[in-house]
Amino acid sequence: PAKTMDELVSLCKRRGFIFQGSEIYGGMQGAYDYGPLGIELKNNLKAAWWRSMVYERDDVEGLDAAIIQNKHVYKYSGHEDTFTDPMVDCHECKSRMRADHMKDIKVCDNCGSTNVTPPRDFNLMFKTNVGPMVNEESYTYLRPETAQGIFTNFKNVVDSTSRTLPFGIAQIGKSFRNEITPRNFIFRVREFEQMELEFFCKPGEDEKWHEFWVNARKQWWLDQGLTEENIQFEYVTGDDLAHYSKSTVDILYKFPHGFEELEGVANRTDYDLGSHTKAQEEFGLSAKVKKNEHSTSKLAIRDLDENKWEVPFCIEPSAGLDRGLLAVMTEAYTEEELPNGTSRTVLKFKPHLAPIKVAIMPLKKNKPEIVALAKELKNKLQKLGLGRILYENTGNVGKGYRRHDEVGTPICVTVDFDSIEKEGAPVTVRDRDTMEQIVVNAADLPAYVINYFIN
Ligand code: ATP
C-alpha cells in the first residue's frame, strides 16, 4: 500500500487520475477533477456497488433524485438546524478551523497561537438562490447527503413497485458540504459523491439488519481489494452519535494519513420518514421529530400481518465514493524490486476496477498488417462489454508495459511479426502482476479475456 499521500497525489496527476479543480486559476480548495483514468476507476467502483446493492439482491430498488430540492426537505430533515461542525477562529492569523469533535481546539492549526475563540456551530450546507427573483424566500441548499431524496420518494417507490418490508432504496450521486477545512487530497472535499442505501424494516428487526449491513459492507470493501488488517470498526457512542441515530458503526480504513471513516452504517430508526410524513400523530413514532406542517404525503407502509399502516425503521450504509477510490488506490499502490535490480510501481487493482482492462500494442507502428490485426483485436475485445480496451500505437512495448503497470492495466497484448506470419496469429499476453508472458492465438483471445475478467 501507499505510505504517503504525496506519492498518490503525484501518480494521480502524472497518469491522469485526479487533478486539482480550477488549477489554471490557482485552484479551488476542496474540489478535484477526475481525469481520463480517474473517471473509469470511479465508474467501475460505482458499478460494483450498484451490482452488489441492486442487481445481486432482490429487495433493493434504485433511484436518482434531484440535487436541488424544496427547502422544506432540509427544514424537516434537521439539516437546517443541526448540520453543523464546531469551528474556531484564530485572533492572531485570522484563520478558521474545524474543532476536533472530541476535544476543544486550544492551538491554531495555522500559526500555533493559543489566542483562539471557543468553538461555535458552523452550518455546512451551501445555500443557493432558485429562480429569477432573489428574496428572503427564494433560497434552498445543495444537498449535503443523497439520503433525503430517498426518504421524500419513499411513497413513490412503494406505490410503483408494490414493495413490502423489508426492502431498500439505493442511490449514487453528488453531495456538497462547505467543509471548514478540506484536506488530505480527496478524503475531505466540498463536492463529493456518495453511495447510499436506505434499508427499511420493521421496528424490532432494526438491530438484526444493522448488524447484517455492517458485515455485508465490510465484505464488499474486501471484495474491492482492501485488506482485513487495514479495516477497523468504530462504534460511535454518546455525543458523537448523530441526533437521528440509535447506533452507528463507522467502517474505518487505514489511509496514508491514518485510520479514518470510509463508510458509516447508521440505525436511523423512524426518524427520517417520521420527520417527512404528514399526520405524524397517527403513527406512534419512536423518534423525536419536528412537527411537520408542510408534507402532503403519509410515508408509511401497510403491515399485512397486522393490517395497519406503519412508519418503518431505516438502516443506512452510507459510503463516500471519493474516499472509496482513495482507499482502493492506497491499497493497490505497490513498489516492487525486480530481480534485475530495477524497480516498478504497480497499481494492483482488482480486475473489475482497473480503468483499462486490456491494452493492445502493435510491435511496429508502421507495419500495416500488424497495425490492422491489433485494431481488429481491439474492436473484438471492446464488444465484450468489459470496459475500456485501449489500442495504443507508440511502437515501444517496454515503455508501454511500464506505463500500464503504473495505471493498473491487468493485461497487455502485443501483436508482432509472428502474429502476421504464423498460423493461428499468435499474440503475446502479458500479466500485470506476475509479468509472465504467454502466447495465445488471436481467435482464442476473447475467451481468454472473458475468463480472466469474469472468473
Ligand atoms: P466525517 O466525520 O469524516 O466528516 P461524516 O461522519 O460527516 O464524515 P457522513 O455524514 O456519515 O460523514 O457521510 C457518509 C460518508 O460520506 C462518509 O463515510 C464519507 O465516506 C463520505 N463523506 C462525508 N463527507 C465527506 C467529504 N467532505 N468529502 C468526502 N467524502 C465525504
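Residues numbered from 1 in each chain as written. Predicted model: local features only at pLDDT ≥ 70, side-chain atom pairs only at ≥ 80, totals over all residues. Heavy atoms only, no water.

1. Considerations on helix 9 (residues 321–332)
Across its 12 residues, helix 9 extends 16 Å between first and last C-alpha, which sits within 8% of the 16 Å expected from 1.5 Å per residue. Listed in full, the buried residues belonging to helix 9 are L321, D322, R323, G324, L325, L326, A327, V328, M329, T330, E331 and A332. (Helix = DSSP H or I, 4+ residues; strand = E, 2+ residues; numbered from the N terminus. Expected span 1.5 Å × (residues − 1). Buried < 20%, exposed > 50% of the residue type's maximum accessible area, 1.4 Å probe, protein only.)

2. Concerning the environment of V311
For V311, the position within the fold is in the loop between strand 15 (308–310) and strand 16 (313–320). In this structure, the C-alpha to C-alpha distance between V311 and Q280, residues 31 residues apart in sequence, is 9.4 Å. Ignoring sequence-local partners within four residues, the contact set of V311 consists of P203, D270, L273, G274, F283, L285, L299 and A300. (Contact = heavy atoms within 4.5 Å.)

3. Re the environment of N115
Relative to the helices and strands, N115 is located in the loop between strand 5 (96–98) and strand 6 (120–123). In sequence terms N115 and V371 are 256 residues apart; their C-alpha atoms lie 68 Å from each other. Ignoring sequence-local partners within four residues, the contact set of N115 consists of D89, C90, H91 and E92. At 2.9 Å, the side chain of N115 forms a polar contact with the side chain of E92. (Polar contact = N/O pair within 3.5 Å; in protein donor to acceptor, adjacent residues only side chain to side chain.)

4. Details of the site of the ligand
Residues in close proximity to the ligand total 15 residues, the closest being E179, R188, V189, E261 and L262. Contact with the protein chains removes 83% of the 590 Å² of surface that the ligand exposes when unbound. Of all the secondary-structure elements, those providing two or more residues to the shell around the ligand are strand 10 (191–201), strand 13 (258–269) and strand 16. Considering every element that reaches the shell around the ligand, the biggest residue donor is strand 13, with 4 residues. By residue class, the composition of the shell around the ligand is 4 nonpolar, 4 polar and 7 charged. (Near = heavy atom within 4 Å. Areas by Shrake-Rupley, 256 points an atom, 1.4 Å probe, with all protein chains shown as cover. Nonpolar A, V, L, I, M, F, W, Y, C, P; charged D, E, K, R; others polar.)

5. Some thoughts on the side chain of H210
By the element assignment, H210 lies in helix 7 (residues 206–223). Polar side-chain contacts of H210 include one of 3.3 Å to the side chain of S247. Apart from the residues within four sequence positions on either side, H210 is in contact with S247, T248, V249, V265, A266, N267 and I315.

6. Observations regarding the domain arrangement of the chain
Split into domains, the chain comes out as domain 1 (5–63 + 147–328) and domain 2 (354–454). For domain 1 and domain 2, the distance between their C-alpha centres works out to 38 Å. Listed by partner, the interface residues are 8 residues for domain 1 and 8 residues for domain 2. By the criterion of area lost to domain 2, the three top residues of domain 1 are R15, L37 and E40, representing 55% of everything that side buries. Put simply, domain 1 and domain 2 have 2 salt bridges between them. R14 is the partner of E406 in a salt bridge, and the nearest nitrogen-oxygen pair spans 2.7 Å. At the boundary of domain 1 with domain 2, the tally comes to 3 residue pairs in polar contact (both at pLDDT 80 or more). Going through the elements one at a time, helix 1 (5–15) and helix 2 (36–55) are the ones with two or more residues in the side of domain 1 that touches domain 2. The element contributing the most residues to the side of domain 1 that touches domain 2 is helix 2, with 4 residues. For the side of domain 1 that touches domain 2, a count of residues per class yields 4 nonpolar, 1 polar and 3 charged. (Domains from an automatic or database assignment. Buried area = accessible area lost by both parts, 1.4 Å probe. Salt bridge = Lys/Arg side-chain N within 4 Å of Asp/Glu carboxyl O.)

7. Thoughts on the sheet that holds strand 12 (residues 247–255)
What the 7 strands build is an open sheet, ordered 3-9-10-16-13-12-11; its pairing is mixed. The sheet is open, and its two edges are formed by strand 3 (60–62) and strand 11 (231–236), each paired on a single side. Taken over all neighbouring pairs, the strand axes of this sheet differ in orientation by 25° on average, direction set aside. Direction of pairing for strand 11 relative to strand 12: antiparallel, over a ladder of 6 bridges. Bridged to Y235 within strand 12 is V249. Each of strand 3, strand 9 (167–176) and strand 10 touches helix 2; the most contacted strand, strand 9, lies at about 160° to it. Those strands touched by helix 9 are strand 10, strand 12, strand 13 and strand 16, and its axis lies near 40° from that of strand 12. (Pairing = 2+ DSSP bridges. Axes fitted to C-alpha atoms, helices over the stretch in contact; angles between N-to-C directions.)

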